[in-house]
Amino acid sequence: MKFKEEYESQMVPEWQEAYMNYDDLKTLLKNIQQIRQTRKQNAGVKRTMTLYRAFSGLVQRHNFPINPSRKESESQHIFVNSMNENGDRSYDATYLPLPEEGAECEKEYFSKLDEEFNKVEKFYKSKVEEVMDEAENLSKQMDALIAFRLKADILQGQSGESDTVNANKTVPLDIIGQVKVNQTFATPASMVRNVVYASRMTEEDYIKENVKKVEKQLNEAFAEFYLRLRHLKSYSFLNILAFSKIMKKYDKITSTKASDSYMKMVDKSYLGSSNEVTKLMERVEATFIKHFANSNRRKGMNILRPKTKIERHRISFCIGLFVGCSIALVLGLILIIQARKLLDKKGQAQYMENMFPLYSFFAFVVLHMLMYAGNVYFWRLYRVNYPFIFGFKQGTELGYREVLLVSFGLATLALTSVISNLDMEMNPETEEYEALTELLPLGLVLLVTVIMICPFNIIYRSSRFFFLVCLFRCIAAPFYKVTLQDFFLADQLTSQVQAFRSLEFYICYFGWGDFKHRENHCKSSSVYKFFYFVVAIIPYWSRFLQCFRRLVEERDPMQGYNGLKYFVAIIAISSRTAYSLYKGFNWQITSWIFSIIATIYGTYWDLIMDWGLLQRQSKNPWLRDKLLVPNKSVYFVAMVVNVLLRLAWLQTVLNIRVSFIHKETLITIVASLEIIRRGIWNFFRLENEHLNNVGKFRAFKSVPLPFTYHEAANDHDN
């Protein structure tokens, strides 16, 4: 792997603008090299490049002996000077030009080199100051925790700890009187429980309950703080290595030893000589192992340094297996339909009305998962830090291969079920369909549900539970603080309206229908029609409540406008549903009006607010200043496709029918177009979020600390 690729792959994505710009400096070096080569050609000097530097050096010294004065001048090619401006140290590498042409280009190179080094030095120093302040705060938090532990031990008649993280000093118990435990009510239930039981708690109960909660919060805070220190250490190492590499390239091109004096300056600078981060890492390790891992170093370091996920070949093998099975099953399905002429059978219409909606549910889920796998692939390709944005626990996020594995695994099961249930005619003896095969789709839904809630550590348990927690928070909106992963999932659900209606049909068909004869009266039921509206509205209503919660909590009027967008969408989808069920001119006009408003509103929000595009003053006309995809046409194509796919609702309002496509098939196609649109939206939405994080150098999540010292609280109030 080339150094440039390795350098970029190890960057903290949100800090990429703070790293040394290796590309720009390399470009300037190429200009210097071209000028020198041109000069040599004009002078008639021709040199043969060899594979071995040692032999090249010997030839050069033999043909062009270097006198002591020239050697000394080349070793003193630059003079590095440090200056203090407003308390900040900066460095200036003064170029001492040799009596040759092209010196201006080399001056430009060193000017850019100075600019990059001072940028790196300033950023590193500011981040070190931040972590030093945070370390002091964490030290105070640990003092309070140890005091609470001591108090709990005394109340239980046991001896406890008596030293803090930073030194072997005694922690006074009166610290407990100087701090208060921050009460964070994550749910309405926790708030009610705290109010009801607070008055009944004894001091011992209060201390014991808070110690457990505090330990959990500080455990997470220390792990996140240690991750920040690791990134800072990596940042320092990578930049020093980059400066060394670029200066060696300069030496090679100019046949000088300028890198010696420049790297001496780098080594003596704050970036090269500071050891605060290393010391802090050692302190954090010692503290964490002692107080959170029962002095078990291996256990503590496994938490602080989670093992990198190993790409396993068996995953690739299983993906290939399931992809092959899926393709074979699709081809087999087509051949069976053609060979048995199932489309001409009398029961074909009955199958499409009763069985097809059941299996289309799996088509929607698999398609959405495939789109997400594509999202993950391209997020990784363009270095979008999706695990940080979604708040995945380090090392538990699914890569695109894992998502593909689950997708094609489910597709294989669904297609197998379809082929097993292709009978178009009833058994002539019993005059009904086989109960076992008719129950296959229901059994598959139940299997997926059991796997989703399975408590055992199989089939990506952490990801399953993460999904279920986010899903519950979407359902319980607005009683929970809204996070990005919550509203992102809610947006996904708005594109799965037809899947929710398929689940409703499952309940009606197997609950009140006659599945042995493939008959149901769902669409004539007033209850079914009522819930046909409800299940379509629920995702949008959830998203509307999330916006309302954020409007009240953040006082951001944009959340109000965003909520209005979903409210208009609710009216639009309700009117279209009413028109599809009841027809009528009034419903058609209402559908047209609100669907047009919702489409314009939604398209504007997608392109300008969610994607951050269509900026007229941008250096990339009608896009935005920063783009991750090099090919700008991709953004324009995506905008056009987004608009076209948003017009899929026209099929309902215009009552479009295709003679050779069944109505249920057409509904499935239209629903699939919306899922594809959502998949495209996902990439650009997270790209914009990532670039916002990059602009603010926001690479770490903020972990709330458990204690507040009364002094700090009073200062804050004042």
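Only a predicted model underlies this, so the values are computations on that prediction, with no experimental measurement involved. (Residues numbered from 1 in each chain as written. Predicted model: local features only at pLDDT ≥ 70, side-chain atom pairs only at ≥ 80, totals over all residues. Heavy atoms only, no water.)

## Looking at the overall build of the protein
Looking only at helices and strands, the protein has 29 helices and 4 strands in total. Classification of the 718 residues of the protein by burial places 43% in the buried group. Surface exposure of the protein reaches about 39,300 Å², of which carbon and sulfur atoms provide 59%. (Helix = DSSP H or I, 4+ residues; strand = E, 2+ residues; numbered from the N terminus. Buried < 20%, exposed > 50% of the residue type's maximum accessible area, 1.4 Å probe, protein only. Areas by Shrake-Rupley, 256 points an atom, 1.4 Å probe, with all protein chains shown as cover.)

## Details of the confidence of the model for the protein
Confidence along the protein averages 84 in pLDDT terms, with 84% of residues attaining 70 or more. Counting interchain partners and residues more than four positions distant, the pLDDT-below-50 stretch residues 159-164 has 21 contacts. (pLDDT = per-residue confidence, 0-100. Contact = heavy atoms within 4.5 Å.)

## Some thoughts on the nonpolar core
Ranked by internal contacts, the top residues of the largest apolar core, which has 73 residues, are Y7, M20, Y109, L113, I246 and M247. Those residues within four positions of I246 in sequence are excluded, and the remaining contacts are M20, Y22, L25, K26, L29, Y109 and L113. Ranked by size, the runner-up nonpolar core spans 31 residues in total, among them L333, M355, A499 and C508. (Core = buried A, V, L, I, M, F, W, Y, C linked by side-chain atoms within 4.5 Å.)

## Regarding a positive patch on the surface
Together, K2, K30, K245, K248, K249 and K252 line one region of the surface with positive charge. Ranked by residue count, the leading element in the positive patch is helix α8 (residues 203-254), at 4 residues. By secondary structure assignment, the location of K252 is in helix α8. (Patch = residues over 30% accessible without salt bridge, like charges linked within 9 Å, V, L, I, M, F, W, Y side chains within 5 Å. Salt bridge = Lys/Arg side-chain N within 4 Å of Asp/Glu carboxyl O. Lys, Arg positive; Asp, Glu negative; His and termini not counted. Charge placed at Lys NZ, Arg CZ, Asp CG, Glu CD.)

## Here we look at the packing of helix α23 (residues 526-554) against helix α24 (residues 557-582)
Direction vectors running N to C along α23 and α24 enclose 175°, while the axes themselves pass 8 Å from each other. In terms of orientation, α23 and α24 fall into the roughly antiparallel class. For the contact of α23 with α24, the residue count by class is 18 nonpolar, 6 polar and 4 charged. (Axes fitted to C-alpha atoms, helices over the stretch in contact; angles between N-to-C directions. Parallel < 35°, antiparallel > 145°, perpendicular 65-115°, else oblique. Nonpolar A, V, L, I, M, F, W, Y, C, P; charged D, E, K, R; others polar.)

## Topic: the pattern of salt bridges
According to the stated counting rule, one finds 28 salt bridges in the structure shown. The partner of R473 in a salt bridge is D486, and the shortest N-O contact between them spans 2.8 Å. One end of the pair, R473, is in helix α20 (residues 461-475); the other, D486, is in helix α21 (residues 484-494), with 13 residues separating them in the sequence. On the basis of relative accessible area, D486 is assigned to the buried category, the value being 2%. For R550, the salt bridge goes to E554, with nearest N and O atoms at 3.0 Å. Pair noted here: R550 and E554 are both in helix α23, with a separation of 4 residues, about one helical turn. Since its relative accessible area comes to 17%, R550 is described here as buried. Connected through shared salt-bridge partners, D24, K112, E115, E116 and K119 make up one network.

## Looking at the state of the cysteines
What the rule picks out here adds up to 1 disulfide. There is a disulfide in this structure between C508 and C522, and the S-S distance comes to 2.0 Å. In this structure the cystine formed by C508 and C522 twists about its S-S bond by roughly -110°; its chirality is therefore left-handed. Placement of C508 in helix α22 (residues 497-512) and of C522 in the loop between α22 and α23 is noted, with a sequence separation of 14 residues between them. Take C522: its relative accessible area is 1%, and that puts it in the buried class. (Disulfide = S-S within 2.5 Å.)

## Points about the packing of helix α13 (residues 313-339) against helix α17 (residues 400-420)
Axis separation between α13 and α17 bottoms out at 8 Å; the angle between their running directions is 30°. Judged on the interaxial angle alone, α17 and α13 are roughly parallel. Considering the relative orientation of α13 and α17, their crossing is left-handed. Here α13 contributes I315, S316, C318, I319, F322, V323, C325, S326, L329, V330, L333 and I336 to the contact with α17, which in turn contributes R401, E402, L404, L405, F408, G409, A411, T412, L415, T416, V418 and I419. Of the residues belonging to the contact of α13 with α17, the class tally is 17 nonpolar, 5 polar and 2 charged. (Left-handed = near helix turned anticlockwise from the far one by under 90°.)

## Here we look at the environment of G272
With respect to the secondary-structure elements, G272 resides in helix α10 (residues 270-273). The spacing of G272 and F237 is 35 residues in sequence and 8.4 Å in space, taken between C-alpha atoms. Beyond its immediate stretch of four places on either side in the chain, G272 contacts I240, V266 and D267.

## Quick notes on the side chain of S618
Mapped onto the fold, S618 is located in the loop between α25 (585-610) and α26 (633-646). Classification of S618 by relative accessible area gives buried; the value is 9%. A distance of 3.1 Å separates the side chain of S618 from the backbone oxygen of R624, its partner in a polar contact. Ignoring anything within four residues of it in the chain, the contact list for S618 reads L623, R624 and D625. (Polar contact = N/O pair within 3.5 Å; in protein donor to acceptor, adjacent residues only side chain to side chain.)

## Quick look at a nonpolar patch on the surface
There is a patch of nonpolar side chains on the surface, built from I327, V330, L331 and I334 and spanning about 350 Å² of accessible area. Among the secondary structure elements, I327 is positioned in helix α13.

## Section: the packing of aromatic side chains
Where two aromatic rings form a pair, the distance of their centres and the angle of their planes describe that pair. One pass over the full model with this rule turns up 44 aromatic pairs. Judged by centre distance (5.8 Å) and plane angle (75°), the ring pair of F472 and Y480 falls under edge-to-face. Judged by its relative accessible area of 47%, F472 falls in the partly exposed class. The ring centre of Y270 lies 5.8 Å from the NZ or CZ of K125, which sits over that ring. Across from the ring centre of F292, 5.9 Å away, lies the NZ or CZ of R149, which sits over that ring. (Phe/Tyr/Trp six-rings, centres within 6.5 Å; stacked < 30°, edge-to-face > 60°. Lys NZ or Arg CZ within 6 Å of the ring centre and 35° of its normal.)

## A word on the side chain of D606
In this structure, D606 sits in helix α25. Judged by its relative accessible area of 2%, D606 is buried. One polar contact links D606 to R646, side chain to side chain, over a distance of 2.9 Å. Engagement of the side chain of D606 in a polar contact is seen with the side chain of W681, the distance being 3.2 Å. Setting aside its immediate chain neighbours within four residues, D606 contacts W611, N642, R646, R677 and W681.

## Describing unusual backbone geometry
A cis amide bond, omega 10°, links A477 with the succeeding residue P478. Here S255, not a glycine, exhibits a phi torsion of approximately 55°, which is positive. One can find S255 in the loop between α8 and α9 (258-268). Given the relative accessible area of 29%, S255 is considered partly exposed. Of note, R383 is a non-glycine position whose phi angle comes to about 60°, a positive value. Mapped onto the secondary structure, R383 falls in the loop between α15 (356-381) and α16 (386-390).

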